[in-house]
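Each chain is listed here by its residues.
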Amino acid sequence: QQQVKQSPQSLIVQKGGISIINCAYENTAFDYFPWYQQFPGKGPALLIAIRPDVSEKKEGRFTISFNKSAKQFSLHIMDSQPGDSATYFCAAMENAGNMLTFGGGTRLMVKP
Amino acid sequence: DTEVTQTPKHLVMGMTNKKSLKCEQHMGHRAMYWYKQKAKKPPELMFVYSYEKLSINESVPSRFSPECPNSSLLNLHLHALQPEDSALYLCASSRPPGQPNEKLFFGSGTQLSVL
């Protein structure tokens, strides 16, 4: 059973555009939602994370929007750059746990 | 120092070989993890060590044998692997359960090819 569903699987955006990746979860015990960015040949790196007590968190060009009632969260990348081309994974974790449940990943390509 | 260092970066081995993957961190983290990642897929959890004790084994075949010699080091011993075990093996570390442990730090991984 896939507990975190991520879409789209791939995304092509023009430079300067907005990239939007969506995730939905089922387990209401999840209370920590990070996004990871992974470049080829590298391990995932934490990009930004949110807890359900806020509906939005912004760090630079990256914003997480969180809808607790719909059990959905999304990543917005503003002014997308070719250097943002990577695979993005959403994830979720239960309180006091240490096991991440990953979404299936989105391969983002930003065209110059 | 916020790095998790993995060696080797690349490894090619035959099905009868014995090899080891190594991982090191100096962030004082007391939870360390092994993940397996196939191409175009998310990482899959294999093992979790908490305070140097194995706390989670996600039904991994016995040809994979983890070891945590001390709080900074994590090894994964490989023996009699199959071609389908070819993957990127990622080590990660974090603060252990019961503490604010949101930040999971990943290493760059070992790209393993089994011939």
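Right, let's walk through the structure included here. Because the structure is a prediction, the values reported are computed rather than measured.

Re the overall build of chain B
When its secondary structure is counted, chain B shows zero helices and 11 strands. Written out in order from the N terminus, the α and β elements of chain B read β-β-β-β-β-β-β-β-β-β-β. In terms of overall dimensions, chain B is globule-like: its C-alpha atoms have a radius of gyration of 13 Å, near the 13 Å expected for 115 residues. Expressed as lengths along the three principal axes of its C-alpha atoms, the size of chain B is roughly 40 × 25 × 25 Å. Within chain B, the fraction of its 115 residues that count as buried is 47%. In chain B, the share of contacts with a sequence separation of at least 24, taken over all contacts with a separation of at least 6, comes to 55%. Roughly 5,700 Å² of accessible area belongs to chain B as shown, and the carbon and sulfur atoms make up 50% of that amount. In chain B, which carries 13 positive and 10 negative side-chain charges, the distance between the mean positions of the two groups comes to 4 Å.

Focus: the nonpolar core
In this structure, A:Phe33, A:Trp35, A:Phe73, A:Leu75 and A:Tyr88 are the most contacted members of the largest nonpolar core, which totals 24 residues. Tallying contributions element by element places strand β9 (residues 86-94) of chain A first for this core, with four residues. Within the second largest apolar cluster, 23 residues are counted, among which are B:Met27, B:Met46, B:Leu76 and B:Cys91.

Thoughts on a nonpolar patch on the surface
Residues and elements named next belong to chain A. Residues Ile18, Ile20 and Met78 make up a contiguous nonpolar surface patch of about 240 Å² in total accessible area. Locating Ile20 in the fold gives a position in strand β3 (residues 19-25). According to the relative accessible area criterion, Ile20 is partly exposed, its value standing at 37%.

Remarks on the sheet that holds strand β1 (residues 4-7) of chain A
Sheet strands line up and pair through hydrogen bonds in the backbone, either parallel or antiparallel. Residues and elements named next belong to chain A. Ordered by their spatial adjacency, five strands build an open sheet running β1-β3-β8-β7-β6, and the pairing between neighbours is antiparallel. Each edge of the sheet is formed by a strand with only one pairing partner; in this case those strands are β1 and β6 (56-59). Averaged over neighbouring strand pairs, the angle between their axes works out to 15° when direction is ignored. Note: β1 against β3, four bridges, orientation antiparallel. In the sheet register, Val4 faces β3, and the bridge partner there is Tyr25.

About the cut-offs
- Residues numbered from 1 in each chain as written.
- Chains lettered and ligands numbered in written order.
- Predicted model: local features only at pLDDT ≥ 70, side-chain atom pairs only at ≥ 80, totals over all residues.
- Heavy atoms only, no water.
- Helix = DSSP H or I, 4+ residues; strand = E, 2+ residues; numbered from the N terminus.
- Rg over C-alpha atoms; globule rule 2.2 N^0.38 Å.
- Buried < 20%, exposed > 50% of the residue type's maximum accessible area, 1.4 Å probe, protein only.
- Contact = heavy atoms within 4.5 Å.
- Areas by Shrake-Rupley, 256 points an atom, 1.4 Å probe, with all protein chains shown as cover.
- Lys, Arg positive; Asp, Glu negative; His and termini not counted.
- Charge placed at Lys NZ, Arg CZ, Asp CG, Glu CD.
- Core = buried A, V, L, I, M, F, W, Y, C linked by side-chain atoms within 4.5 Å.
- Patch = residues over 30% accessible without salt bridge, like charges linked within 9 Å, V, L, I, M, F, W, Y side chains within 5 Å.
- Salt bridge = Lys/Arg side-chain N within 4 Å of Asp/Glu carboxyl O.
- Pairing = 2+ DSSP bridges.
- Axes fitted to C-alpha atoms, helices over the stretch in contact; angles between N-to-C directions.

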